[in-house]
There are 2 protein chains.
Amino acid sequence: MRDVADAAGVGVMTVSRVINGAVGVRPSTAERVREAITRLGYQLNHAASTLRRRNHGSMVIALLVDDIANPFYAALAGAVEEEARGHGFTVLFGSAKEDRLRERELVAAFTAHRVDGLIAVPTDTEMWRDALTGVAVVFVDRPANGLPVDAVLVDGRTAAARGVRHLLEHGHSRIGYLGDLASIWTARQRLQGYRDAMGEAFDPELVRQGLRDAASAEQAAVELLGSARPPTALFAANDLITIGAVRAVAACGEGTAVVGFDDIVLADRLSPPLTVLAQDPVEIGTTAARLLFARLDGDDSPSREVLLPATLVVRGSGESRPG
Amino acid sequence: MRDVADAAGVGVMTVSRVINGAVGVRPSTAERVREAITRLGYQLNHAASTLRRRNHGSMVIALLVDDIANPFYAALAGAVEEEARGHGFTVLFGSAKEDRLRERELVAAFTAHRVDGLIAVPTDTEMWRDALTGVAVVFVDRPANGLPVDAVLVDGRTAAARGVRHLLEHGHSRIGYLGDLASIWTARQRLQGYRDAMGEAFDPELVRQGLRDAASAEQAAVELLGSARPPTALFAANDLITIGAVRAVAACGEGTAVVGFDDIVLADRLSPPLTVLAQDPVEIGTTAARLLFARLDGDDSPSREVLLPATLVVRGSGESRPG
DNA sequence: CTGAAAGCGCTAACAA
DNA sequence: TTGTTAGCGCTTTCAG
């Protein structure tokens, strides 16, 4: 910056002003400075400007998801990036992979980098109590749990109940449930929805939890379908589990009805086409980012909770009758 | 930091040493400092330490892809993150969306943040000539084009030719080609592979390019299938295009063979199961990150180009005969 | 083993 | 409209 100032025959302050959208700099001077900048290939040092700035704002937000490789979170990340871009922010990301230590490390790294905001799928809500100083936080997919934090949630309980009822209405009474770890809030919500809908017919024998990927879901489904009194329908509580369930049904449960949570690419081209409860990751991400930037723009109203729906998309796999 | 030092009754320098993996600090002193750190909830300011450090290393790398929402890039991002984590680095990301201006802005933002390294799917190779100072760069999916930069590529030409030959071997001679923008290197490579395999039988009437999403690909495929002399097989040059092709074939091209570039989730459960040329995004990402960190660790050998294969996965849609 | 002083590149506050 | 001075929070250097 010193070099640029010398080259343009001005003081560093003038250069700084030009870089930061010059107000009160004579156009001719500004032009000279800009010329020197390009000629010398000068690049602002963001770390230094952040350091001295009043609010220490880094113009960076962080996105903490369970796993960026999951298409659901990837779509969410795309939406967040788009919103951030509109505000001139850059985005850091990290995948906690449902590992509390890893989550802690990522949050520590993000705060060390002095991100202005944080959009997170929290695992360890307790930990967050300490992380809430000086940074705006919006939770996604898990509730604030008493913390003064905005949250964007999907009504998985209602949606799951809706999906299970859909199966009941098509004559099924033995409906298997395939779910993720019970430690995950969304997983508990969806299981609760399943119980709501099953009512008296609820049978713990038909419930399999702790399924973290398609392979383990497939195995659990195969076991369920191979049992003495197999279910005539399966409810799969997320996208990965749905993939496993579809494979299992194809392998050894011909005719078994399936309803999955989360939409899947080409779900309409499977046979039978897959009936799902579709969440909208783009809407979730956009909403979360908007809440975050509202906070960064000074909104200090009490923390809000936005509840988004998941919609039943009827395609075929959930409408076959038992037998 | 001052506060921590006072609280522990030591100088700031000692605190700094403790934070940076204390060498030469008495254990008892270190313990006292650590206690003060947790008690005061102190968090290192990364911007400040970066500023004063010898190499100005920020311990951040950036990942610039076409679109993070695309599962292919999402998987790649996951692999890059994993590798970065092993080295204690955090990852910034951005999607250029095949927009040169946007790419330029993102690179400017990344360099302003003084990232130590950059993994990028470059659009505007020229622009990169200027961006190469002080930051290690690895290209993915597009060649270095004379620039002194490592690149991780997939041999799309050979793979595409292999896929098209597969169709030829199953009796097809009129094979439609559905591709992305001709401005994209991988798209040109794949088209070239198609031409290689078609040889004399190449017919420009059967080629559709510039397809940027599943919808436009579907439309192009429908047109092709509805023409006077429709193709009996389609070669779809990426995942999004394959999705469109599958839809079009289902809608109005029953029996048309399909080979797609890129694997798709549950491709094996489509009817017919989808034959594809599968790239491995995780391997691509891991390889790129390893190259980058090798550079950051001081490797200054001449720039390398790693060529990865795409493998033909035979499942059914590419083996139906014309009829 | 520990601390004091200097200064990284920039912007806030003021002075000219 | 422009320049000068101070100092952001940390690490380097060097002295104890």
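Everything numeric here is computed off the predicted structure, so don't read it as measured data.

Visitor: Sorry, what's going on with the pairing of strand β1 (residues 60–65) of chain B here?
Guide: A regular strand places its side chains so that they alternate between the two faces of the sheet. Residues and elements named next belong to chain B. Here β1 lies mainly inside the structure; six of its six residues are buried. Here six bridges tie β1 to strand β2 (residues 90–95), and the two strands are oriented parallel to one another. Bridged to Ala62 within β2 is Leu92. Of the crossover connections in this fold, the one passing from β1 over helix α5 (residues 71–86) to the parallel β2 is right-handed.

Visitor: Where do I start with the interface of chain B and chain A in this structure?
Guide: For an interface, size is often stated in terms of accessible area lost upon the parts coming together. Contacts between the two partners involve 48 residues from chain B, matched on the other side by 48 residues from chain A. A combined buried area of about 4,300 Å² lies between chain B and chain A, and 59% of that area is made up of carbon and sulfur atoms. Taken together, the connections running from chain B to chain A amount to ten salt bridges. Notably, a salt bridge pairs Glu82 of chain B with Arg102 of chain A, separated by 3.0 Å at the nearest N-O pair. The interface formed by chain B and chain A contains 22 residue pairs in polar contact (both at pLDDT 80 or more). Only α4 (46–52), α5, β2, α6 (100–112) and α11 (239–252) of chain B provide two or more residues apiece to the side of chain B that touches chain A. Looking at the side of chain B that touches chain A residue by residue, the class counts come to 25 nonpolar, 13 polar and ten charged.

Visitor: Just checking my understanding: could you explain the protein's contact with DNA strand D for this structure?
Guide: Near DNA strand D, the surroundings consist of 26 residues, among which Thr14 and Arg52 of chain A together with Met13, Ser16 and Tyr42 of chain B are the closest. Sugar plus phosphate: this is where 58% of the atoms of DNA strand D within 4 Å of the protein reside. The set of elements that each furnish at least two residues to the surface near DNA strand D consists of α2 (12–19) and α4 (46–52) of chain A together with α2 (12–19) and α4 of chain B. If one sorts the elements of the surface near DNA strand D by residue count, α4 of chain B sits on top with four residues. Taken together, the residues that form the surface near DNA strand D break down as ten nonpolar, eleven polar and five charged.

Visitor: What am I meant to see in the protein's contact with DNA strand C here?
Guide: Every one of the 24 residues lining DNA strand C counts as a neighbour, but Met1, Ser16 and Tyr42 of chain A together with Thr14 and Arg52 of chain B are closest to it. The contact atoms of DNA strand C, taken as those within 4 Å of the protein, divide so that sugar and phosphate hold 59%. In this structure, a phosphate oxygen belonging to DNA strand C sits 3.3 Å away from a main-chain N or O atom of Met1 of chain A. Where the surface near DNA strand C is concerned, the elements lending two or more residues are α2 and α4 of chain A together with α2 and α4 of chain B. Broken down by element, the residue count for the surface near DNA strand C peaks at four residues, all from α4 of chain A. Its residues assigned to classes, the surface near DNA strand C comprises ten nonpolar, nine polar and five charged.

Visitor: Hey, could you run me through the side chain of Thr111 of chain A in this one?
Guide: All names here are of chain A. Relative to the elements of secondary structure, Thr111 occurs in helix α6 (residues 100–112). Classification of Thr111 as buried rests on a relative accessible area of 13%. A polar atom in the side chain of Thr111 sits 3.1 Å from the backbone oxygen of Ala108.

Visitor: Help me out: how do you make sense of the nonpolar core in this one?
Guide: Here is a general trend for soluble globular proteins: nonpolar side chains tend to be buried in one another's company. Membership of the largest hydrophobic core comes to 98 residues, with the highest contact counts inside it found for Leu63, Tyr194 and Phe235 of chain A together with Leu63, Ile119, Tyr194 and Phe235 of chain B. Membership of the second largest hydrophobic core comes to 48 residues, among which are Ala217 and Ala278 of chain A together with Leu225 and Ala267 of chain B.

Visitor: What is the right way to look at the sheet that holds strand β4 (residues 136–140) of chain A in this model?
Guide: Strands pair in a sheet through their backbones, by hydrogen bonds, and they do so in one of two ways: parallel or antiparallel. The twelve strands lie next to each other as β11(A)-β5(A)-β4(A)-β3(A)-β1(A)-β2(A)-β2(B)-β1(B)-β3(B)-β4(B)-β5(B)-β11(B), forming an open sheet whose pairing is mixed. Edge positions in the sheet fall to β11 (305–308) of chain A together with β11 (305–308) of chain B, since each has one partner strand and no second. Strand-to-strand, the axes of this sheet are offset by a mean angle of 20°, without reference to chain direction. Packed onto the sheet, helix α5 (residues 71–86) of chain A meets β1 (60–65), β2 (90–95), β3 (117–120) and β4 of chain A together with β2 of chain B and runs at close to 170° relative to β1 of chain A.

Visitor: How should I be thinking about the relation of the copies chain B and chain A in this particular structure?
Guide: Comparison of the two chain copies shows a relationship of rotation about an axis with a shift along it. By a simple turn and slide, chain B fits onto chain A: the slide is 0.0 Å along the axis, the RMSD is 0.1 Å, and the turn is 180°. Given the turn and translation reported, the copies of this chain are related as if by a two-fold rotation axis. Minimal C-alpha distance to the rotation axis in chain B is attained by Leu92 of chain B, lying at 2.1 Å. A share of 100% of the interface residues of chain B reappears at the interface of chain A, consistent with the copies meeting face to face through the same patch.

Visitor: What is the right way to look at the sheet that holds strand β10 (residues 275–278) of chain A in this model?
Guide: Residues and elements named next belong to chain A. If you trace the six strands from one edge of the open sheet to the other, you get β7-β6-β8-β9-β10-β12, paired in mixed fashion. Whereas interior strands pair on both sides, the edge strands pair on one side only; in this sheet they are β7 (207–208) and β12 (311–313). Summarising the sheet, strand β9 (residues 257–261) and β10 pair through three bridges and their orientation is parallel. In the strand pairing of β10, Phe261 is matched with Leu277. This element, helix α9 (residues 185–198), spans β6 (175–178), β7 and β9 of the sheet and lies at about 170° to β6.

Calculation notes
- Residues numbered from 1 in each chain as written.
- Chains lettered and ligands numbered in written order.
- Predicted model: local features only at pLDDT ≥ 70, side-chain atom pairs only at ≥ 80, totals over all residues.
- Heavy atoms only, no water.
- Buried < 20%, exposed > 50% of the residue type's maximum accessible area, 1.4 Å probe, protein only.
- Helix = DSSP H or I, 4+ residues; strand = E, 2+ residues; numbered from the N terminus.
- Pairing = 2+ DSSP bridges.
- Right-handed = clockwise from strand over helix to strand, strands pointing away.
- Contact = heavy atoms within 4.5 Å.
- Buried area = accessible area lost by both parts, 1.4 Å probe.
- Salt bridge = Lys/Arg side-chain N within 4 Å of Asp/Glu carboxyl O.
- Polar contact = N/O pair within 3.5 Å; in protein donor to acceptor, adjacent residues only side chain to side chain.
- Nonpolar A, V, L, I, M, F, W, Y, C, P; charged D, E, K, R; others polar.
- Near = heavy atom within 4 Å.
- Core = buried A, V, L, I, M, F, W, Y, C linked by side-chain atoms within 4.5 Å.
- Axes fitted to C-alpha atoms, helices over the stretch in contact; angles between N-to-C directions.
- Least-squares fit on C-alpha atoms with pLDDT ≥ 70 in both.

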